[in-house]
Amino acid sequence: MVIDLKEHENSTIIRWDTPKENDFEDWCSMWFSFIQIGGEIVDQNYQFRYINDDGSLKDRI
């Protein structure tokens, strides 16, 4: 999940759909590389397993 895409800056923060508390990566200036290696833009109705749409972890109940 992209949580901080800034078109005017060279920063794209990716939040991975994992149970890890801080599973973020900064793909600075590498959006094209992300897509080339298989990164996908998912449908807006996609249901993440571990994270909410805002990138926060789902409650573990």
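Please read these numbers as outputs of a predicted model, since none were measured by experiment.

A. Region of interest: the overall build of the protein chain. Check the secondary structure of the protein chain and you find 1 helix and 3 strands. Going from N to C terminus, the protein chain has its helices and strands arranged as β-β-β-α. When the 61 residues of the protein chain are sorted by exposure, 21% land in the buried category. With the model as given, the accessible surface of the protein chain reaches about 5,000 Å², and the carbon-plus-sulfur share is 49%.

B. The packing of aromatic side chains, seen in detail. With the rule as written, the count across this model stands at 1 aromatic pair. With a centroid separation of 5.1 Å and 75 degrees between ring planes, the pair formed by Y46 and F48 is classed as edge-to-face. Take F48: its relative accessible area is 12%, and that puts it in the buried class. When the ring centre of F24 is taken as reference, the NZ or CZ atom of R15 above it lies at 5.1 Å.

C. Inspection of the side chain of R15 at higher detail. Mapping R15 onto the fold places it in strand β2 (residues 11-15). Here R15 occupies a buried position and makes no salt bridge, while the nearest side chain of opposite charge, D23, is found at 4.9 Å. In this structure the side chain of R15 is engaged in a polar contact, spanning 3.3 Å, whose partner is the backbone oxygen of K20. At 3.0 Å, the side chain of R15 forms a polar contact with the backbone oxygen of G55.

D. Seen up close, the side chain of D23. Residue placement: D23 occurs in the loop between β2 and β3 (24-26). Within the buried core, D23 has no salt-bridge partner, and the shortest N-O distance to an opposite charge, that of K20, equals 4.7 Å. At a separation of 2.6 Å, a polar atom in the side chain of D23 contacts the side chain of T18. Beyond its immediate sequence surroundings of up to four residues, D23 is in contact with I14, R15, W16 and T18.

How each quantity is defined
- Residues numbered from 1 in each chain as written.
- Predicted model: local features only at pLDDT ≥ 70, side-chain atom pairs only at ≥ 80, totals over all residues.
- Heavy atoms only, no water.
- Helix = DSSP H or I, 4+ residues; strand = E, 2+ residues; numbered from the N terminus.
- Buried < 20%, exposed > 50% of the residue type's maximum accessible area, 1.4 Å probe, protein only.
- Areas by Shrake-Rupley, 256 points an atom, 1.4 Å probe, with all protein chains shown as cover.
- Phe/Tyr/Trp six-rings, centres within 6.5 Å; stacked < 30°, edge-to-face > 60°.
- Lys NZ or Arg CZ within 6 Å of the ring centre and 35° of its normal.
- Lys, Arg positive; Asp, Glu negative; His and termini not counted.
- Salt bridge = Lys/Arg side-chain N within 4 Å of Asp/Glu carboxyl O.
- Polar contact = N/O pair within 3.5 Å; in protein donor to acceptor, adjacent residues only side chain to side chain.
- Contact = heavy atoms within 4.5 Å.

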